[in-house]
Amino acid sequence: MDKVKLKEVGIDIDSALQRFMGNEALMEKFLLRFEEDKAYADLVEAVAAQDAEKAVIASHTLKGVSGNLSMTELYALTAEQVRLLREDKTKEAFDMMPQIQAVYEKLVEVIRGE
């Protein structure tokens, strides 16, 4: 994996490697599994259905996954979205989806090596 590109898309490589005890192969394994996690798909589905309850669960899960992988930009966006959803600011939270989608897709693209 291209570490420069990973950094460019908002992955704090040093922090991620710390989480994986310096094991680069393990970090890469989990990065490659990122797209398989269903939290993002669940979030998209919940927002499409205007289901704030399911959206907060999915966004919170995505926040956790992105935090564990040191995906700083996605983590910050989902943390803000979760906060808004918990404050019943559903429209503002749902309006964040284009930003979240763009960051998510950029991450997936770089992880795939595209």
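Along each chain, the written sequence defines residue order, and numbers are assigned to residues from 1. With pLDDT at 70 or above as the cut-off, local features in this predicted model cover only qualifying residues; side-chain atom pairs require 80 or more to be listed or tallied, and sums for whole chains, interfaces and linings still use all residues. The basis for every side-chain value is the complete set of non-hydrogen atoms in the structure, without hydrogens or water.

Asker: Hey, could you go over unusual backbone geometry for me, with residue numbers and the actual values?
Answerer: Of all residues except glycine, most have a negative phi; of all peptide bonds, most are trans. The phi angle at Ser70 is positive, at roughly 55°, despite the residue not being glycine. The way it works is that DSSP assigns letters per residue, a run of H or I at least four long becomes a helix, a run of E at least two long becomes a strand, and they are numbered from the N terminus. Looking at where Ser70 falls in the secondary structure, it is placed in the loop between helix H5 (52–68) and helix H6 (72–86). Burial classes: relative accessible area under 20% of the type maximum marks a residue as buried, over 50% as exposed, and values in between as partly exposed (1.4 Å probe, protein chains only). Look at Ser70 and you get buried, because its relative accessible area is 6%.

Asker: Residue-level account of helix H8 (residues 97–112), with values.
Answerer: One fewer than the residue count of a helix, multiplied by 1.5 Å, yields its expected span. Here H8 contains 16 residues, and its C-alpha end-to-end distance of 22 Å stays within 8% of the 22 Å for a straight helix at 1.5 Å per residue. When H8 is considered as a whole, its buried residues turn out to be Met97, Ile100, Val103, Tyr104, Leu107, Val108, Val110 and Ile111. Contact criterion: two residues are considered in contact whenever any of their non-hydrogen atoms come within 4.5 Å of each other. Next to the buried residues of H8 lie helix H1 (3–8), helix H3 (24–33), helix H4 (39–48), H6 and helix H7 (90–94).

Asker: Explain the nonpolar core to me, using residue names and the numbers behind them.
Answerer: Within the largest apolar cluster, 38 residues are counted, with the highest numbers of intra-cluster contacts made by Phe34, Met71 and Leu74. When residues of this core are assigned to their parent elements, the largest contribution, eight residues, is made by H8. When sequence neighbours within four positions are dropped, the list of residues in contact with Met71 reads Gly10, Ile11, Leu31, Phe34, Ser66, Leu107 and Ile111. For our purposes a nonpolar core is just a set of buried Ala, Val, Leu, Ile, Met, Phe, Trp, Tyr and Cys residues, chained together by side-chain atoms within 4.5 Å.

Asker: I'd like to hear about the environment of Leu107, residue by residue, with values.
Answerer: Along the chain, the position of Leu107 falls in helix H8. Along the chain, Leu107 and Leu74 lie 33 residues apart, while their C-alpha atoms are 8.9 Å from each other. Setting aside chain neighbours within four positions, we find Leu107 in contact with Val9, Ile11, Phe34, Met71 and Leu74.

Asker: So what's going on with the pattern of salt bridges? Residues and values would help.
Answerer: Any carboxyl oxygen of Asp or Glu that lies within 4 Å of a side-chain nitrogen of Lys or Arg is treated as forming a salt bridge with it. All told, the structure shown has nine salt bridges when counted by the stated rule. Between Glu80 and Arg83 there is a salt bridge; the shortest N-O distance is 2.5 Å. One end of the pair is Glu80 and the other is Arg83, both in helix H6 and three residues apart, which spans about a single turn. Its relative accessible area of 35% is what places Arg83 among the partly exposed residues. For Arg83, the salt bridge identified is with Glu87, shortest N-O distance 2.8 Å.

Asker: Just give me the short version of the side chain of Thr78, but keep the residues and values in it.
Answerer: Within the secondary structure layout, Thr78 lies in helix H6. Here a polar contact means two N or O atoms within 3.5 Å. Within protein one must be a hydrogen donor candidate and the other an acceptor candidate, and residues neighboring in sequence count only if both atoms are side-chain atoms. At 3.1 Å, the side chain of Thr78 forms a polar contact with the backbone oxygen of Tyr75. Discounting chain neighbours no more than four positions away, the residues touching Thr78 are Ser59, Leu62, Lys63 and Ser66.

Asker: Account for the packing of H4 against H5, with residues named and values stated.
Answerer: Here H4 crosses H5 at 155°, and the two axes come no closer than 8 Å. Classified by the interaxial angle, the pair formed by H4 and H5 is roughly antiparallel. Like other packed secondary-structure pairs, H4 and H5 cross with a definite hand, here left-handed. In this structure, H4 contributes Ala39, Tyr40, Asp42, Leu43, Ala46 and Val47 to the contact, and H5 contributes Lys54, Ala55, Ala58, Ser59, Thr61 and Leu62. Residue composition of the contact of H4 with H5, by class: eight nonpolar, two polar and two charged. For helices, the fitted axis covers only the stretch in contact; all axes are lines through C-alpha atoms, and the angles between them, taken along N-to-C directions, range from 0 to 180 degrees. If an angle is under 35 degrees, it is roughly parallel; if it is over 145, roughly antiparallel; if it lies from 65 to 115, roughly perpendicular; otherwise it is oblique. Whether a crossing is left-handed or right-handed is set by the direction in which the near helix is turned from the far one by less than a right angle, anticlockwise for left-handed and clockwise for right-handed. Only Asp, Glu, Lys and Arg are considered charged in this grouping, and only Ala, Val, Leu, Ile, Met, Phe, Trp, Tyr, Cys and Pro are considered nonpolar; every other residue, Gly among them, is considered polar.

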